[in-house]
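# Structural overview
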Amino acid sequence: MATRTAQRTERIYVDGEWLETGETISVSDLADGGTFAKVAAAGPANARNALAAAHEIKPTMRQTTVVERAEWCETIAEGLREREEELAEIIVREAGKPISSARGEVCSAAERFDRAAEEARNIVSKGEFREGSTEGHEGWQAIVKHEPIGSVLCITPYNYPLATTALQVAPALAAGNSVLLKPASKTPISAAILAEVIADVDGIPDGAFNFVPGEASVIGDILTGDDRINAIAMTGSSGAGKHVANESGMVNLHMELGGNAPAIVFDDADLEEVAGACTSGSLKYAGQRCSAVSRVLVEESVHDDLVERIDYNMSTWQAGDLFDEDTAFGPLISEDQAEWVEELVEDAVEKGADLVRGGSRQAPDGVPDELGSQFFEPTLLANVPHDARLIDEEQFGPIAVVTTFEDREEALEIANGSDLALDAAVFTTDYNRAMDVAERVDAGGVRINGAPSHGLGDIPFGGNKDSGIGREGLDASIHEMMRKKSIVL
C-alpha cells in the first residue's frame, strides 16, 4: 500500500492564472478512506471569465500552425509520462481503480496526446481539392481547408478521469481550438495535474486552456448555455447528456453517453472464450464503464454451461488493497452507486432471476469501515427474465446478467429493446451469422468474438439513440472539432 502524503489542494486555471476561489470540492480517498485532496470550486464569475478568455483567444489560436500545436501535444505527452507514478496514485485514490489499471490509464492518456499530434498533421497536410462536375460549373476548382471550430467545452466523467480527458482535450488543442475543461467533481485531481502540465508548455497562449472544476449545479448551465462555445465534448450519463443538449445552442455536440451492451452468444461459440470475455467485460473497474458487458444473451441450449463457466471465472476476481498488483477491482465510486446496483439486483431476483453468486454489498478484509458500504460483490444472475430492469438500464456495477433467447430474431429483439445503443458483441463461429447480427444490432460499435473495447481511439466509437451524438476517436474527434471552408478558385 502506498503511503499517502499530506492532503493536497489544487486551484482553478483561467486565462493563464492559477486562482483560489474561496470554495473547495473535497475528494474522497477510495484506497484508504477519508479525504486526500481538495480542489478549488469555480463559481459563476469564474466560469464567465473562462468563457471570455477562451472566446477572446480564438483569433490567435486560429493563426497557430499545426506544427506548433503538434509540438504542444507531444510536450504534454512527455510531461504526463514524467509524472506517471504521481498520476497513477491519484487515479487509484480518487477513482478507486487498481494500480495496474491506473498506470495503464496514464500511458493511454500520454499516447493520446502523441497520436492527436500525428492525426492533426495528417488531416491538415492532406486537405481537399475539388473540381466542378455539374453543368454550369465546369472548370470550377476549390480548395477545402480545415480550420478550428473555435472554443470547445470538455465535460469529462469520473471513471476514466485522465484517459477520457485526454481524448477530448488533445484533439481540441491539436485542431487549434481554445479549451474549457470541466472535470467530474468526484475525480478532478488527475485533471488538475494535466492542467499543470499544459500550463508549463511554452507557446500555448493564455486563455487557450482553462481548467474550471466545480459543481454542475453551480456552473454547468452557465458553461453549456453560452453562445461563445462552439462545440461541447462530453462523456457521461444519458440523463446528463440530454440536459446539456437542451441547454446548449447552435453548437457541435460530441457526446458519448450511457451504455447497456448486449453480448449475443450462439450455441456454436467457444464457451470458454465467451466466459472469459464476458467476465472481464462485466467486472473490469467494478463494471463502471459505458462499454461494460451489461447483459449476456445466450441460446437456451448452452445457458447452464456458460453460467457455470462464468461463475468459475468470477471466483478468481478478488477485491483488496488497490495498490496491490494482483487486486482486480475496488469499491464503487460512491455509496449512492452501490445502492443503485443493489436496487437493480433485487429487482431481477424478485422477478425470478437465479442469484448464482454475490448479490450484496460485501467489503473485503482490511477495507476501512467508511468504504465498506461502497463495495459490491461480483454478482452473477442467471435465467434473468426479459422484464428485469437490468435488461434495459445502465448498471455501472460488477454484475454479469445472463438471459436466454430461442433464435436469432428474438436475440435481436431483446438487444435492440433498450433506449441505450452504445456497444454490442456477438459470439459465433458462423461468419455469415456474425456479420448479419453485427449489421442488424442497434449499436455504435459491435465486436465479434470479444468484449467491447474502445482502445486508444484508432476506431471511431459512440452511440445511437440515448447513447450519444457523433463519434469519438483521435481522428474522428479532430474532424468534429474542425470545420471545413471551401475556397472556390
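Conventions we followed
Throughout this description, residue numbers start from 1 for each chain and increase along the sequence as written. Totals for whole chains, interfaces and linings use all residues, but because this is a predicted model, local features are given only for residues with pLDDT of at least 70 and pairs of side-chain atoms are given and counted only at 80 or more. To obtain the side-chain values, all non-hydrogen atoms of the structure were used and water was disregarded. We count a stretch as a helix when DSSP gives it H or I for four or more residues in a row; a strand needs E for two or more, and each element gets its number in order from the N terminus. Burial here depends on accessible area, computed with a 1.4 Å probe over protein chains only, as a share of the maximum for the residue type. Under 20% is buried, over 50% is exposed, and the range in between is partly exposed. UniProt positions are given in the numbering used here, feature names are shortened, and annotations may be inferred rather than shown by experiment. Should any heavy atoms of two residues lie within 4.5 Å, those residues are considered in contact. Each C-beta atom gives one direction from the helix axis, and the arc is the one those directions make. By this definition, two strands are paired if DSSP reports at least two bridges between them. For helices, the fitted axis covers only the stretch in contact; all axes are lines through C-alpha atoms, and the angles between them, taken along N-to-C directions, range from 0 to 180 degrees. The scheme is simple: roughly parallel for angles under 35 degrees, roughly antiparallel for over 145, roughly perpendicular for 65 to 115, oblique for anything else. Helix crossings are classified by the rotation of the near helix relative to the far one: an anticlockwise turn of less than a right angle makes the crossing left-handed, while a clockwise turn makes it right-handed. Here the term patch refers to residues with relative accessible area over 30% and no salt bridge, with like charges joined within 9 Å and nonpolar side chains (Val, Leu, Ile, Met, Phe, Trp, Tyr) within 5 Å. Using the Shrake-Rupley algorithm and a 1.4 Å probe, accessible areas are obtained, with residue cover drawn only from the displayed protein chains. Salt bridges are identified by distance alone: a Lys or Arg side-chain nitrogen within 4 Å of an Asp or Glu carboxyl oxygen. Working convention for charge: Lys and Arg count positive, Asp and Glu count negative, and His plus the chain ends are omitted. Taken as the charge location is NZ of Lys, CZ of Arg, CG of Asp or CD of Glu. The span expected for a helix works out to 1.5 Å for each residue beyond the first. Throughout this description, a polar contact denotes any pair of N or O atoms lying within 3.5 Å of each other; where both atoms belong to protein, one of them has to be capable of donating a hydrogen while the other can accept it, and for residues adjacent in sequence the pair is counted only when both atoms sit in side chains. Note that a disulfide, as used here, is simply two cysteine sulfur atoms within 2.5 Å. Aromatic pairing here means that ring centres of Phe, Tyr or Trp (its six-membered ring) are within 6.5 Å. Orientation follows from the plane angle: under 30 degrees is stacked, over 60 is edge-to-face, and everything else is tilted. Look at NZ for Lys and CZ for Arg. If either is within 6 Å of the ring centre and within 35 degrees of the ring normal, a charge sits over the ring.

Broken down by element type, the chain carries 15 helices and 23 strands. Principal axes of the C-alpha set define a box for the chain whose edges measure 70 × 65 × 35 Å. Residues counted as buried form 56% of the 489 residues belonging to the chain.

Our focus in this paragraph is the UniProt feature "active site" (unreviewed entry) in the chain. UniProt's feature table lists "active site" (unreviewed entry) at Glu256, given in the numbering used throughout. Along the chain, the position of glutamate 256 falls in strand S12 (residues 252–256). Once residues within four sequence positions are removed from consideration, glutamate 256 is found in contact with Met234, Thr235, Gly236, Cys290, Leu422, His454, Phe461, Gly462, Ser467 and Glu472.

Considered for burial, the residues of helix H13 (residues 408–415) that qualify are Ala411, Leu412, Ile414 and Ala415. Projected down its long axis, H13 shows its buried positions confined to an angular sector of 160°, all on one face. In this fold, the buried residues of H13 make contact with strand S13 (261–265), strand S14 (293–299), strand S17 (399–405) and helix H14 (431–440).

Across the sheet, which stays open at both edges, the seven strands sit in the order S15-S16-S17-S14-S13-S19-S20 with mixed pairing between neighbours. Each end of this open sheet is capped by a strand with a single partner; those strands are strand S15 (354–357) and strand S20 (445–448). Within the sheet, the average angular offset between the axes of one strand and its neighbour, ignoring direction, is 20°. As paired elements, S13 and S14 share five bridges and run parallel to each other.

Moving on, we get to the packing of helix H10 (residues 271–283) against helix H11 (residues 303–314). For the pair H10 and H11, the least separation of the axes is 9 Å and the interaxial angle reads 55°. The orientation of H10 with respect to H11, classified from their angle, is oblique. Judged by the sense of rotation from one axis to the other, the crossing of H10 with H11 is right-handed. Facing H10, whose interface residues are Leu271, Glu272, Val274, Ala275, Gly276, Cys278, Thr279 and Leu283, H11 presents Asp305, Leu306, Arg309, Ile310, Asn313 and Met314.

With that out of the way, let us pick up the UniProt feature "domain: Aldehyde dehydrogenase" (unreviewed entry) in the chain. Per the UniProt annotation, the sites labelled "domain: Aldehyde dehydrogenase" (unreviewed entry) are residues 21–487. Summarising residues 21–487: 39% helix, 20% strand, and an end-to-end C-alpha distance of 46 Å.

Mapped onto the secondary structure, glycine 16 falls in the loop between strand S2 (12–14) and strand S3 (17–19). The exposure class assigned to glycine 16 is partly exposed, which follows from its relative accessible area of 26%. Between the C-alpha atom of glycine 16 and that of proline 205, which follows or precedes it by 189 residues, the distance is 7.8 Å. For glycine 16, the contacting residues outside a window of four places in its chain are Asp206 and Gly207.

Further remarks concern a negative patch on the surface. A surface patch of like charges, here negative, comprises Asp15, Glu17, Glu56 and Asp206. Turning to its location among the elements, glutamate 17 is positioned in strand S3. Taking relative accessible area as the criterion, glutamate 17 reaches 48% and is therefore assigned partly exposed.

Here the focus is the pattern of salt bridges. What the rule picks out here adds up to 34 salt bridges. Among the salt bridges present, the one from glutamate 335 reaches arginine 361, with a minimum N-O distance of 3.8 Å. With glutamate 335 in helix H12 (residues 335–350) and arginine 361 in the loop between S15 and strand S16 (379–382), this residue pair connects regions lying 26 residues apart in the sequence. The class of glutamate 335 is partly exposed, set by a relative accessible area of 37%. By relative accessible area, arginine 361 is classed as partly exposed at 25%.

Before going further, it helps to examine the sheet that holds strand S5 (residues 35–40). Strand order across the open sheet formed by three strands is S1-S5-S4, with mixed pairing between neighbours. Sheet topology places strand S1 (8–10) and strand S4 (24–28) at the edges, where each strand pairs with a single neighbour. Averaged over neighbouring strand pairs, the angle between their axes works out to 25° when direction is ignored. Lying over the sheet, helix H7 (residues 189–199) contacts S1, S4 and S5, oriented at roughly 65° with respect to S1.

Among the structural elements, arginine 115 can be located in helix H5 (residues 99–126). The contact partners of arginine 115, leaving out residues within four places of it in the chain, are Leu456, Asp458 and Leu474.

Turning next to H10. Under the 1.5 Å per step criterion, the end-to-end length of H10 is 18 Å for 13 residues, consistent within 8% with the ideal 18 Å. Looking at the packing, one finds that the buried side of H10 touches S13, S14, H11, S17 and strand S19 (423–427). Taking the backbone nitrogen of glutamate 272 as reference, a side-chain oxygen 3.1 Å away marks aspartate 270 as the first, capping residue of H10. Where H10 ends, the next residue or the one after it, tyrosine 285, has phi of about 50°, a positive value.

This structure, assessed with the given rule, holds zero disulfides. Cysteine cysteine 107 remains unbridged, with the sulfur of cysteine 73 as its closest cysteine sulfur at 18 Å. Accessibility expressed as a relative area gives 41% for cysteine 107, which makes it partly exposed. For the unlinked cysteine cysteine 290, the closest cysteine sulfur is that of cysteine 154, found at 16 Å.

Turning to the packing of aromatic side chains, a few remarks are in order. Here the structure, examined in full by the defined rule, presents four aromatic pairs. On the basis of an interplanar angle of 80° and a centroid distance of 6.2 Å, the ring pair of tyrosine 158 and phenylalanine 396 is categorised as edge-to-face. Of this pair, tyrosine 158 sits in the loop between strand S8 (151–155) and helix H6 (163–174) while phenylalanine 396 sits in the loop between S16 and S17, placing them 238 residues apart in sequence. The exposure class assigned to phenylalanine 396 is buried, which follows from its relative accessible area of 15%. Residues phenylalanine 266 and phenylalanine 405 carry aromatic rings whose centres are separated by 5.4 Å and whose planes lie at 75° to one another, so their mutual orientation is edge-to-face. With a gap of 139 residues between them, phenylalanine 266 in the loop between S13 and H10 and phenylalanine 405 in strand S17 connect regions that are remote in the sequence. Across this residue pair, the class does not change: phenylalanine 266 and phenylalanine 405 are buried. Lying across the ring of tyrosine 160, lysine 97 places its NZ or CZ 3.7 Å from the centre. Stacked on the ring of tyrosine 285, the Lys or Arg lysine 97 has its end atom at 4.6 Å from the ring centre.

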